[in-house]
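Residue strings, one per chain:
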Amino acid sequence: MRSKVVFARLLRNRQARYGAIALVLLVALAYIGPYIGPYDWTDKDFLSFLSPPSADHWWGTTTIGQDMYAVTLRGMQKSIIIGLLVALLATGLAALVGAFAGYFGGWVDKVLMWGVDLLLVLPSFLIIAIVSPRLKGASWLWFVALLAAFTWMITSRVVRSMTLSLREREYVLAAVYMGIPRWKIILRHIVPNLSSLLIIDATLNVSAAVIGEAALSFFGFGIQPPDVSLGTLIAEGSRNATGYPWLFAFPAGLLVVLVLSVNLLGDGLRDALDPGSNS
Amino acid sequence: MGKYLLRRLAVNVILVAVAASLAYMLAATTMNPRAAYEGRQPPVAEAVVDATLDAYNLNDKTPVLQRYATWVSGVVTGDFGKTWNGGSVNDEMGRRIMVSLRLLLVGTLVGFALGVALGAYSAVKQYRFADRSIGVSSFVVMAIPVFVLATLLAIGTYNLNRGLGFTLIEYTGEYNPRLSGWDQLLNRLNHLILPTISLSLGSIAFYSRIQRSMMLDVLNQDFVRTAMAKGLRRRTALLKHALRTALIPAATYFAFAFGTMLTGATFTEKIFAWHGMGAWLIDSIQQNDVNAVAAVSFFSAVCVLAAAFLSDLLVAALDPRVRVS
C-alpha cells in the first residue's frame, strides 16, 4: 500500500519523472545502442583515424580508428554496472555496519566512529589511488570492491544514529522480549525500517560511484585498457579536446547526463519517501 | 570552551598521526620502488640497488615495520625522507606546498562565500525566477565532475582567446617566469582565474543547496518575525538574525567538504599544469615514490583537520550554545 503511495508521489514529481525517463533512455542506449551501430567496439577502421562524426562513424573515430559510438556505449555500460554494483555493496555494508554499531553500541560503535573519522581525514580518492597500482591486471571487480569499501562510512553514520532511536521502539523491544536473536532483530526489524533512507542513499551512491570511477580512471588508476569506461574515454579525449572535440564531448556529455538523471531520480525519491526532510 | 577546543586539537593531532601512518603503510606495502631500477640496460647489480634503496629507506627487503620506524623517527624531527631518486622530500614539498595552499585557500573562500550568499539569496527569493535558476544550475553543476569542468573551461577559454585575437586569460601553469614586479603579480592572478572557477564551482553549488534549505527553515521561525516586528530593517533582520543562525550547518559541513576540495585540487592542478601537492600525488604514485605519497597524505590530513578545527571555531563563534556548554 505504501509503495503505491510513494510511487504515485514519485510520478507526480516532475524532476523524478524527467530523471527516470532520461535514465531509462540512457540505459537503453548503452545496452541496445551497440546492436544498432555499424561497428563493434573492438573493430578498428584503419582507413579513418581521428575522423569527425560522419554518416559512417556517427560519433567520429579515435586515434587508432575505433568507432567512437561503439566505444563510448561500451564505456557507458561499464560505468553503469560499476555504479550499480558499488552502490548496492556500499549501501548494504553501510546498513549492516551502521545498524550493528548503533544496536550494539560499546566498542563496535567506537571502532566504527574511528573509521568514519579516518575517512574524513584521508580522502577516499587518495587511499584508492595509493592501492590501485596493485590492481593493474586484476579483475575490474576488485576495483568495484575498493570503491565500495570507501563509500559506505558516512551513510553508516546516519544509519547508526537512526538505529539508536529505533532501538527503543516498542516493536523492537517486543522482539527482544520474545527472545529473538539480536542479529535477526537487526535484519528483520531495524534495517527494513530504514529502507527509505537506504533507497535514497543507494540511488545517490550510484552517481557518486560513477563519478568516482571516472575520476580514478581519468588518472589511469581505475579501469585498465583495453577495457574502457567513461573515465578512460574522457581522459583520452580531454588531452586534445580543442582539436578533436568529439573525443571528449560524447563521453563527457553522457557522463554528465547520466549523473544528472540519477541525481534527479534520487532527489525525487527523497521527496516521495521522506516528505518531511528538505535537505 | 577553550578546553573543548584544546581537546579537539589533541584528538586531531592523534588523527593526523594515525592517518599518515596508515597512508605510509598502504604505500609501503603496495608500491614497488625497485621497479625504477629493473629492466635497465646494462642491468644494475642487485647489491647496488639494495644499497641505494636502503639509503632512501625504500628497500622492500627490509620489513615494513622497520621502514615505518625509520620513517617515523624522521618525520618526528621534521624530515620526510627521500624521494625515489634521492631528492629531499622536504625541498620538493617546500616548493609545492604554497602552490596548493594558495589554490585551496582561494577556492575554499570563494566557494564558501559565494555558495552561502547564493543559497541565502535564493531562499529569500523562494520560488521566484532567481531561486529556480540558481537551483537548476547548482543541480547541473553538481553533476559535472571537476575534470570535465576544468576541460570545458579550458576549451571555452581557448576559443574565447582565439575569438578575441589575443590572450585574455592564460591557464597553463602558475605564472609566466619572464615577467617581474606588478606584471608578475597580475600574471599570477590571471593564471589563478580558471583553476579557481573549476575548483570552487562545485562547492558553490554544494553550499548553496545546503544554505538554501537551512535558510528556509530559519526564515519561518518566530525570532526572525520578532526581529522584523520590533522594527529592524528587513536587510538587518535577514543578515544578522536569519543568516547567522542558518550559517551553522554550513559551517559544520565545511570540514566534510574540504576533503572533496582536496580531490578537486588534484584534478585542477593536473589539468592546468600547476606543480602542487595534488599533482605530486599522482606523479609519485606512478613513480612508486613511497615517501612522497606519505608526505602528501600527511599534508592532506593536516589540511582536513585544520579545516575541521576552523569549522569548530566558526560554529563556536556563531552558536552561543556551543560556547557555554
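This structure is a prediction, so every number in the text was calculated from the model and none was measured.

J.: Explain unusual backbone geometry here, please?
T.: Leaving glycine out, the prevailing phi sign among residues is negative, and the prevailing peptide bond configuration is trans. Residue and element names in this part refer to chain B. The phi angle at Ala-273 is positive, at roughly 55°, despite the residue not being glycine. Relative to the elements of secondary structure, Ala-273 occurs in the loop between helix H9 (234–271) and helix H10 (277–286). One non-glycine residue, Asn-288, lies in the positive phi region at around 55°. As for its position among the elements, Asn-288 is in the loop between H10 and helix H11 (290–318). Owing to a relative accessible area of 16%, Asn-288 belongs among the buried residues under this scheme.

J.: Even after reading the chapter, I still don't get the UniProt feature "transmembrane region" (unreviewed entry) in chain B, so can you show me in this structure?
T.: This chain's UniProt record puts "transmembrane region" (unreviewed entry) on residues 9–27, 103–124, 136–158, 189–207, 242–267 and 292–318 of chain B. Secondary structure across residues 242–267 of chain B divides into 100% helix and 0% strand, with the first and last C-alpha atoms of the span separated by 36 Å.

J.: Explain the nonpolar core here, please?
T.: What tends to happen in soluble globular proteins is that the nonpolar side chains get buried as a cluster. Counting residues in each nonpolar core, the largest one holds 148 residues, and the members touching the most others are Leu-255 of chain A together with Phe-147 and Val-148 of chain B. At 15 residues, H9 of chain B tops the list of elements feeding residues into this core. Leave out the neighbours within four places in its chain, and Val-148 of chain B touches Ile-234, Phe-248, Ala-252, Leu-255 and Val-256 of chain A. In this structure, Ala-95, Val-159, Leu-166 and Ile-190 of chain A belong to the second largest nonpolar core, which totals 13 residues.

J.: Please explain the interface of chain A and chain B as it appears in this structure.
T.: Many descriptions give the size of an interface as the accessible area lost when the pieces come together. Contacts between the two partners involve 37 residues from chain A and, on the opposite side, 44 residues from chain B. For the pair chain A and chain B, the summed buried area comes to about 3500 Å², and 82% of that belongs to carbon and sulfur atoms. The largest per-residue losses of area from chain A upon contact with chain B belong to Val-121, Ile-130 and Phe-219 of chain A, which jointly make up 18% of the total buried on that side. For the pair chain A and chain B, the interface holds one salt bridge. We note a salt bridge from Asp-267 of chain A to Arg-209 of chain B, for which the minimum N-O separation is 3.1 Å. In this assembly, chain A and chain B are joined by three residue pairs in polar contact (both at pLDDT 80 or more). Contributing elements (two or more residues each) for the side of chain A that touches chain B: helix H4 (106–121), helix H5 (124–131), helix H10 (195–218), helix H11 (230–239) and helix H12 (245–273) of chain A. At nine residues, the largest contribution of residues to the side of chain A that touches chain B is made by H12 of chain A. Class assignment for the residues of the side of chain A that touches chain B results in 29 nonpolar, five polar and three charged.

J.: Even after reading the chapter, I still don't get the environment of Val-6 of chain A, so can you show me in this structure?
T.: Residues and elements named next belong to chain A. Along the chain, Val-6 falls in helix H1 (residues 2–12). When its relative accessible area of 10% is taken as the criterion, Val-6 is described as buried. For the pair Val-6 and Asp-274, spaced 268 residues apart in sequence, the C-alpha separation works out to 9.3 Å. When residues no more than four places from it in sequence are discounted, the contact partners of Val-6 are Ala-272 and Leu-273.

J.: Even after reading the chapter, I still don't get the UniProt feature "transmembrane region" (unreviewed entry) in chain A, so can you show me in this structure?
T.: Residue and element names in this part refer to chain A. As annotated in UniProt, the feature "transmembrane region" (unreviewed entry) corresponds to residues 20–37, 80–104, 111–132, 138–159 and 244–265 in the numbering used here. End C-alpha to end C-alpha, residues 80–104 measures 36 Å, and it is 100% helix and 0% strand. Measuring from the first to the last C-alpha atom of residues 138–159 gives 33 Å, for a span that is 77% helix and 0% strand.

J.: I would appreciate a short explanation of the packing of helix H3 (residues 68–104) of chain A against H4 of chain A in the present structure.
T.: What describes two packed helices is the angle between their axes and the distance between those same axes. Residues and elements named next belong to chain A. Two elements in contact, H3 and H4, have axes whose closest approach is 7 Å; the angle formed by their N-to-C orientations is 135°. Relative to H4, the element H3 lies oblique. Once H3 is placed against H4, the crossing between them reads as left-handed. Seen from H3, the contacting residues are Val-97, Ala-101 and Phe-104; seen from H4, they are Gly-106, Val-108, Asp-109 and Leu-112. Looking at side-chain class alone, the contact of H3 with H4 contains five nonpolar, one polar and one charged residues.

J.: What is the right way to look at the UniProt feature "domain: ABC transmembrane type-1" (unreviewed entry) in chain B in this model?
T.: Cross-referencing UniProt, the feature "domain: ABC transmembrane type-1" (unreviewed entry) maps to residues 97–311 of chain B in the present numbering. Each end of residues 97–311 of chain B is marked by a C-alpha atom, and these two atoms are 22 Å apart; helix forms 83% of the span and strand 0%.

J.: What's the story with the confidence of the model for chain B in this structure? I'm lost.
T.: Regions with low pLDDT should not have their predicted coordinates read in detail. All names here are of chain B. With 99% of its residues at a pLDDT of 70 or more, chain B shows a mean pLDDT of 87. For chain B, per-element mean pLDDT is lowest for helix H12 (residues 320–324), which scores 77, and highest for helix H5 (residues 129–142), which scores 92. Scoring the predicted complex yields pTM 0.88 and, for the interface, ipTM 0.86.

J.: Sorry, what's going on with H5 of chain A here?
T.: The buried fraction of H5 of chain A amounts to seven of the eight residues, a majority that puts the element mostly inside the structure. On its buried face, H5 of chain A is in contact with helix H6 (140–149) and H10 of chain A together with helix H1 (2–30), H9, H10 and H11 of chain B.

J.: Could you clarify how one ought to interpret a nonpolar patch on the surface in this entry?
T.: All names here are of chain A. On the surface, Val-27, Tyr-31, Ile-32, Tyr-35, Ile-36, Trp-58, Ile-81, Leu-85 and Leu-141 cluster together to form a nonpolar patch covering roughly 860 Å² of accessible area. When residues of the nonpolar patch are traced back to their parent elements, those giving at least two are helix H2 (14–36) and H3. Among the elements that take part in the nonpolar patch, H2 stands out by supplying five residues, more than any other. Along the chain, the position of Ile-32 falls in helix H2.

J.: It is not clear to me how the packing of H1 of chain B against H11 of chain B should be interpreted in this structure. Could you clarify?
T.: Residues and elements named next belong to chain B. Packing of H1 against H11 brings their axes to within 9 Å, and their N-to-C directions diverge by 160°. Here H1 is positioned roughly antiparallel relative to H11, judged by the angle of their axes. The handedness of the crossing between H1 and H11 comes out as right-handed. Tallied by class, the residues present in the contact of H1 with H11 amount to 20 nonpolar, three polar and two charged.

J.: Where do I start with helix H3 (residues 64–76) of chain B in this structure?
T.: Note on helix geometry: an α-helix contains 3.6 residues per turn, so any two residues three or four positions apart are oriented the same way. All names here are of chain B. For H3, which comprises 13 residues, the first-to-last C-alpha distance of 18 Å matches the rise-based estimate of 18 Å (1.5 Å per residue) to within 8%. Among the residues of H3, those classed as buried are Arg-67, Trp-71, Gly-74 and Val-75. Projected down its long axis, H3 shows its buried positions confined to an angular sector of 95°, all on one face. Of the residues in H3, the exposed ones pointing more than 90 degrees away from the buried face are Leu-65 and Val-76. Here the buried face of H3 lies against H1 and H11. Looking at the residues trailing H3, positive phi occurs at Gly-78, about 90°.

About the thresholds
- The numbering scheme is per chain: residues are counted from 1 as the chain's sequence reads.
- Chain labels run from A onward and ligand labels from 1 onward, assigned in the order the entries are written.
- Only residues with pLDDT of at least 70 get local features here, since the model is predicted, and only at 80 or more are side-chain atom pairs given and counted; chain-wide, interface and lining totals rely on the full set of residues.
- The side-chain values count all of the structure's non-hydrogen atoms but skip hydrogen atoms and water molecules.
- The helix count covers DSSP runs of H or I at least four residues long, the strand count covers runs of E at least two residues long, and both are numbered beginning at the N terminus.
- Only protein chains enter the accessibility calculation, which uses a 1.4 Å probe; a residue whose area is less than 20% of its type maximum is buried, one above 50% is exposed, and one in between is partly exposed.
- UniProt positions are given in the numbering used here, feature names are shortened, and annotations may be inferred rather than shown by experiment.
- In this text, buried Ala, Val, Leu, Ile, Met, Phe, Trp, Tyr and Cys residues form a nonpolar core when linked through side-chain atoms within 4.5 Å.
- Contacts are residue-level and defined by heavy atoms, with any inter-residue pair within 4.5 Å sufficient.
- Summed over both partners, buried area is the accessible surface (1.4 Å probe) that two parts give up on being assembled.
- For this document, the term salt bridge refers to a Lys or Arg side-chain nitrogen within 4 Å of an Asp or Glu carboxyl oxygen.
- For the purposes of these results, a polar contact is taken to be a pair of N or O atoms within 3.5 Å, where, inside protein, one atom must be able to donate a hydrogen and its partner to accept one; residues adjacent in sequence count only when each atom of the pair is a side-chain atom.
- Following the grouping adopted for this structure description, the nonpolar residues are Ala, Val, Leu, Ile, Met, Phe, Trp, Tyr, Cys and Pro, the charged ones are Asp, Glu, Lys and Arg, and the polar ones are all others, Gly among them.
- Whenever a helix is involved, its axis is fitted only over the stretch in contact; in every case the axis is a line through C-alpha atoms, and angles between N-to-C directions fall within 0 to 180 degrees.
- Working rule for angles: under 35 degrees goes down as roughly parallel, over 145 as roughly antiparallel, 65 to 115 as roughly perpendicular, anything else as oblique.
- Handedness of each helix crossing follows the sense of rotation of the near helix against the far helix: counterclockwise by less than a right angle gives left-handed, clockwise gives right-handed.
- The quantity known as pLDDT measures the predictor's confidence residue by residue, on a range of 0 to 100.
- Each patch is assembled from residues with relative accessible area greater than 30% and no salt bridge, linking like charges that lie within 9 Å and nonpolar side chains (Val, Leu, Ile, Met, Phe, Trp, Tyr) that lie within 5 Å.
- Using a 1.4 Å probe, accessible areas were evaluated by the Shrake-Rupley method; residue-level cover was limited to the displayed protein chains.
- Residue count minus one, scaled by 1.5 Å, sets the expected span of a helix.
- It is the directions from the helix axis to the C-beta atoms that the arc portrays.

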